[in-house]
Amino acid sequence: MHFQGKSFLTISDFNKKEVEYLIDFAIHLKQLKKNNIPHQYLKGQNIALLFEKSSTRTRAAFTVAANDLGAAPEFLGSGDIQLGKKESVTDTAKILGSMFDGLEYRGQSQAVVEELAEHSGVPVWNGLTDASHPTQMIGDFMTIKEEFGTFDGLKLVYSGDGRNNVANSLLVTAAILGIDVTIAAPESLSPEDAYVTLAQEYAKKSGSAVEITSDIKAAVKDANVLYTDVWVSMGEEEHFEERVNTLLPYQVNKALLSEVSENFIFMHCLPAFHDTNTEYGKNVAEEFGIEEMEVTSEVFEADYAKQFEQGENRMHSIKAIMAATNGSLFIPDLN
Ligand code: CP
Ligand code: NVA
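These numbers were taken from a predicted model, which means no experiment stands behind them. (Residues numbered from 1 in each chain as written. Chains lettered and ligands numbered in written order. Predicted model: local features only at pLDDT ≥ 70, side-chain atom pairs only at ≥ 80, totals over all residues. Heavy atoms only, no water.)

Asks: What is the right way to read the nonpolar core from this model?
Replies: Counting 64 residues, the largest nonpolar core has Phe141, Ile144 and Met322 as its most contacted members. In terms of residues, this core owes the most to one element, helix H6 (residues 165–177), which gives 9 residues. Ranked by size, the runner-up nonpolar core spans 31 residues in total, among them Leu189, Ile216, Phe266 and Ala305. (Core = buried A, V, L, I, M, F, W, Y, C linked by side-chain atoms within 4.5 Å. Buried < 20%, exposed > 50% of the residue type's maximum accessible area, 1.4 Å probe, protein only. Helix = DSSP H or I, 4+ residues; strand = E, 2+ residues; numbered from the N terminus.)

Below is the structure:
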């Protein structure tokens, strides 16, 4: 059984059919939830949620998903436990694994989430590291499937900071699924070669086209999905000035959208800076004179903007991931 007991540390942990299965299972679980049909596949389990960085969606999604599956979630924030400070990651993994049935981890280091998986003996789910955001991908491509009904013939363009966790994961996931993918970013913020090579290898098998460019205006042509993320990720807050200067041409605004396909949606993993109703938004407006960063409110509030659907789908998809890897379900071999 390929899913049972498995961790989800990067999107490459699953093959194309398995990723498609998780997406379809998430759509099914969404239907069960909407129709009040119980689905307590993890009844009696305990799930630890380790967060070294802040979160709204991921924390809420894991908590509600665990409750709906019949498991008890326990939040362990960075100030609450010793992880890495007074106790090694390995020792912490052994202890938590002896008490909990599954662990979620959000923090900086991909190596830490891997170490937790290696030593805990239970499934570990990556809730975001500096390198990747795999659970976000299942919810995002679920949203794309809901919108278009298929992945065939689609082109996804990501505009902005091309070497952050979300860009890395989108590049690889689209290539796995056979969706054409373009990362449009300034050269200084292009994806690392390792991700590009990995995506190209998947693209050879799936038939998708992978493109890395700094020419956002050309890239956006015929896009079915235009995706952006914050210019400054968690932990990089000292870079606001440099990013505002480099990334302003990559802002998703009405002028940029003049070339997209008619069959088009805008996506954002959230949180987003599209106005000055946040502390960061206010500071950036005061210091650098721009009131909207990676996306304008006009785009964010349009009908084709699907960021809140994506947000809801985080819950259904995280539920699918936890149930598939820890729920003793019969899942045929999808190799
Ligand atoms: N998209 C996402 O991971 O949101 P949070 O940071 O709120 O969890
Ligand atoms: N790239 C963003 C994603 C937040 C969900 C960050 O790491 O802050």
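Asks: What's the story with H6 in this structure? I'm lost.
Replies: At 3.6 residues per turn, the α-helix brings residues three or four places apart onto the same side. End to end, H6 covers 18 Å across 13 residues, agreeing with the expected 18 Å (1.5 Å per residue, within 8%). Among the 13 residues in H6, 13 count as buried, and that is most of the element. Between the side-chain oxygen of the N-cap and the backbone nitrogen of Val166 there are 3.0 Å, and the N-cap of H6 in question is Asn164. Two residues or fewer after H6 comes Gly178, characterised by a positive phi angle close to 85°. (Expected span 1.5 Å × (residues − 1). Polar contact = N/O pair within 3.5 Å; in protein donor to acceptor, adjacent residues only side chain to side chain.)

Asks: For this particular structure, what's the right way to read the UniProt feature "domain: Aspartate/ornithine carbamoyltransferase Asp/Orn-binding" (unreviewed entry) in the chain?
Replies: Here the UniProt-annotated "domain: Aspartate/ornithine carbamoyltransferase Asp/Orn-binding" (unreviewed entry) positions come out as residues 152–324. Taken as a whole, residues 152–324 contains 41% helix and 13% strand, while its terminal C-alpha atoms sit 25 Å from one another. (UniProt positions renumbered as here; feature names shortened; annotations may be inferred.)

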